[in-house]
Amino acid sequence: MGAIVFNVTTAALMIMMLNCGLGVVGRDTVRGRPIPWAAVVLTAIAVGGVLLQLVWSGAMDALDADPARSGWWREFTSVFMQNGGVFGALWNVVTLAVVAALAQWYWGGPLTLGFFLAGIVLPGRIDSLLGFADGPSTDPRNFAGSSGATYFLGATLALAFLTHTRLPRERALAIGVPVLGLAMWLAQDNGHGLVSVYGFALGGAAWAARRRSPTGSRACRTAR
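Residues numbered from 1 in each chain as written. Predicted model: local features only at pLDDT ≥ 70, side-chain atom pairs only at ≥ 80, totals over all residues. Heavy atoms only, no water.

## Observations regarding unusual backbone geometry
For residues that are not glycine, phi is negative in most cases, and the peptide bond is trans in most cases. What counts is decided by this rule: Elements are defined by DSSP. Helices are runs of H or I of four residues or more, strands are runs of E of two residues or more, and each kind is numbered from the N terminus.
Its identity as a non-glycine residue notwithstanding, Asp-189 has a phi of 55 degrees, on the positive side. For Asp-189, the position within the fold is in the loop between helix 8 (168-188) and helix 9 (191-212).

Have a look at this one:
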C-alpha cells in the first residue's frame, strides 16, 4: 500500500507541474511553437541511455552514481541510466521530453539546460549543506534515473505560473507544487518532493534576476 501511495503522489506532483507549464506557455499555443531543441537533445540522450543498457549489461555498473564506485562522470551519466523497469523508464523519458519542451518555450533553451544541470548537481550538495546527508536524500534516483533533474526542472514552471496568473485557483495549483513536495518528503522520505522545492526556489531566483535585467520582460516574451 505504501508503494502505491508513493507512486500516486509522485505522479500527482508531476501532473501539477505539467499543468503549470501548460498554463504559463498557453495551452492553445503549443502546436504552433517551434521545435524545442533543448528538449530534443535531452530526450535523445535519455533514449540513448536506455538503448545502451539494453545492449550492454555492464552499463549500469559503469555509469551509475553508486558512491561505492569511483568516477567523476557518474554524477552526470547516472541521470541517463534508468532502473525503474520498463514502465519507470518510459515514464522518465516521456516526462523529461514534455517538461523540457515546456521549459524551453518559457525559459529558453540555454536556461532550460542550465536548470537541468542544476537539478543534477545541486540537490545533493544542498542536502549536505542543510545536514540532510545522513538522512533521507533529495536524490530520488537510487543512483540512477532522470526523474530528479526532471522534477527539479518542472518545479521552475510552477514558479513561472505563479508569477503569471492572478486567478486564485491557478495560484493555488502553482504554490501547491512546493507544498505537496515538502509534504511528500516529510511523510514519505520521497526525494522527488524536496527536489521540487529546490527547483521552485531556483526558478524564483532566475525569475527575479530576469525581471531586474533591462531586457528581462522582452526576453521572457521571446522565450515564450
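Still more ground to cover, so stick around.
## Here's the deal with the side chain of Thr-165
This is how the line gets drawn: Exposed residues in this analysis have more than 50% of their type's maximum accessible area, buried residues have under 20%, and partly exposed residues fall in between, with area computed by a 1.4 Å probe over protein chains only. Any pair of N or O atoms that falls within 3.5 Å is considered a polar contact. Within protein, one atom must be able to donate a hydrogen and the other to accept it, and sequence-neighbouring residues count only if both atoms are side-chain atoms. Two residues form a contact once any of their heavy atoms are found within 4.5 Å.
Along the chain, Thr-165 falls in the loop between helix 7 (147-163) and helix 8. Of the residues examined, Thr-165 reaches a relative accessible area of 7% and is grouped as buried. Among the polar contacts listed, one links the side chain of Thr-165 to the backbone nitrogen of Leu-167, at a separation of 3.2 Å. Reaching out from Thr-165, the side chain makes a polar contact with the side chain of Glu-170 at a distance of 2.4 Å. Residues in contact with Thr-165, not counting those within four places in the same chain, are Glu-170 and Arg-171.

## Points about the pattern of salt bridges
Heads up, the rule is: Whenever a carboxyl oxygen of Asp or Glu lies within 4 Å of a side-chain nitrogen of Lys or Arg, that contact is scored as a salt bridge.
Tallied over the full model, the rule gives five salt bridges. Asp-61 is paired through a salt bridge with Arg-69; the nearest N and O atoms lie 3.1 Å apart. Relative accessible area serves as the criterion here: at 43%, Asp-61 is assigned to the partly exposed category. Where salt bridges share partners, they join Asp-61, Asp-64, Asp-66, Arg-69 and Arg-74 into one cluster.

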